[in-house]
Amino acid sequence: MRQLLFRLAMAVAVTLVPAAARAQDLADYDYENLTFRGIGFDYGYIWPDRVEPAPIWSLRLDLGFLGPAVRIAPTMSYWTSEFRTAEVERLAERLSRLPALADRDIVLTAADLGPIQWSDLSFTVDAHVVWTAPFDIITFVGTSAGLHAMNGRGAAIEDTFVEGLLDSMTAGVGFMTGVEIQPAPVLRVYGEARYTLVSDVRYPGFRVGAALMLPPRR
């Protein structure tokens, strides 16, 4: 498991570290450096391009630093929302073109398909380049790679091929920037802006949360 995290982490970390630094310090990056340091919970909001804006919940692990300045944070997130009316209308129009319906002059509308929900349960590995700003504020930029389990559902499409079309397991990438403050040695509060790209949907979002950290080593 640690080797898998290491490979994912290196895949995203190399996009953040300048080429010269990668060549010079590659030996400094080792999954043996990774160890559990804390767990965070956050809440945010996203604005997808195909469904209505929705809240998002996330759980984030802090595994410490893969190498100089590169922190690894596996993250699990979940959101659910309803398809925009225009998207349902577009789907109904495409279905109406199928020979089985077109030959019978059947024209579907958005009302025939009814409300359609779409949800995403994702697991990503985030790599953050971290530095300390004035007043002990921690700032970071990063990128992520992971898997997204997309699930579509609705009364009118249940157990149909339409529902199957909306269900998928697909890869995605993300880009983020954020700030953290540490009001206590075992507590961090953070805010993050993120943009996520999946094959079927993309969205900007914002999250705020808190992380419980292990006591500093003496």
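Residues numbered from 1 in each chain as written. Predicted model: local features only at pLDDT ≥ 70, side-chain atom pairs only at ≥ 80, totals over all residues. Heavy atoms only, no water.

Caption draft 1: Spatial organisation of the pairing of strand β9 (residues 202-213). Where burial is concerned, the two faces of β9 differ: the one with Tyr203, Gly205, Arg207, Gly209, Ala211 and Met213 is buried and the one with Arg202, Pro204, Phe206, Val208, Ala210 and Leu212 is not. Looking at chain direction, strand β1 (residues 38-46) and β9 are connected through 9 bridges and run antiparallel. Residue phenylalanine 41 lies in a different strand from β9, and its bridge partner there is alanine 210. In this sheet, β9 lies alongside strand β8 (residues 187-198) in antiparallel orientation, the contact comprising 11 bridges. Looking at β9, one finds that threonine 196 is bridged to tyrosine 203. With antiparallel pairing between neighbouring strands as the criterion, β8 and β9 make up a hairpin whose turn holds 3 residues. (Buried < 20%, exposed > 50% of the residue type's maximum accessible area, 1.4 Å probe, protein only. Helix = DSSP H or I, 4+ residues; strand = E, 2+ residues; numbered from the N terminus. Pairing = 2+ DSSP bridges.)

Caption draft 2: Spotlight on the confidence of the model for the chain. Overall, the prediction assigns the chain a mean pLDDT of 84, with 82% of residues at 70 or greater. Between residues 18-24, whose pLDDT stays under 50, and residues either more than four places distant or in other chains, the model counts 3 contacts. (pLDDT = per-residue confidence, 0-100. Contact = heavy atoms within 4.5 Å.)

Caption draft 3: Examining the side chain of serine 119 more closely. Inspection of the secondary structure puts serine 119 in strand β5 (residues 117-133). The class of serine 119 is buried, set by a relative accessible area of 5%. Those residues within four positions of serine 119 in sequence are excluded, and the remaining contacts are Tyr78, Trp79, Thr80, Ala149, Met150, Asn151 and Arg153.

Caption draft 4: Fine view of the packing of aromatic side chains. Evaluation of the coordinates by the stated rule reveals 4 aromatic pairs. With a centroid separation of 5.6 Å and 65° between ring planes, the pair formed by tyrosine 45 and tryptophan 47 is classed as edge-to-face. Of the residues examined, tyrosine 45 reaches a relative accessible area of 33% and is grouped as partly exposed. According to the relative accessible area criterion, tryptophan 47 is partly exposed, its value standing at 44%. Seen in terms of ring centroids, phenylalanine 83 and tryptophan 118 are 5.0 Å apart; in terms of plane orientation they differ by 25°. Their pairing is stacked. Remark: tryptophan 118 occurs in strand β5 and phenylalanine 83 occurs in the loop between β4 (70-82) and α3 (85-96); sequence separation between them is 35 residues. Here phenylalanine 83 falls in the buried class, since its relative accessible area comes to 6%. We classify tryptophan 118 as buried; its relative accessible area is 1%. Between the NZ or CZ atom of arginine 60 and the centre of the ring of tyrosine 190, over which it lies, the distance is 4.0 Å. (Phe/Tyr/Trp six-rings, centres within 6.5 Å; stacked < 30°, edge-to-face > 60°. Lys NZ or Arg CZ within 6 Å of the ring centre and 35° of its normal.)

Caption draft 5: Representation of the pattern of salt bridges within the structure. Counted by the stated rule, this structure contains 10 salt bridges. The partner of glutamate 87 in a salt bridge is arginine 50, and the shortest N-O contact between them spans 3.3 Å. Taken together, the residues span a long stretch of sequence, with glutamate 87 in helix α3 and arginine 50 in the loop between β1 and β2 (54-62) at a distance of 37 residues. Look at glutamate 87 and you get buried, because its relative accessible area is 17%. Among the residues examined, arginine 50 registers a relative accessible area of 24% and is labelled partly exposed. Put simply, arginine 188 and aspartate 62 hold a salt bridge, and the shortest N to O gap is 4.0 Å. Linking arginine 188 in strand β8 with aspartate 62 in strand β2, this pair joins segments that are 126 residues apart in sequence. Given a relative accessible area of 11%, arginine 188 falls into the buried group. Residue classification places aspartate 62 among the buried positions, given a relative accessible area of 7%. (Salt bridge = Lys/Arg side-chain N within 4 Å of Asp/Glu carboxyl O.)

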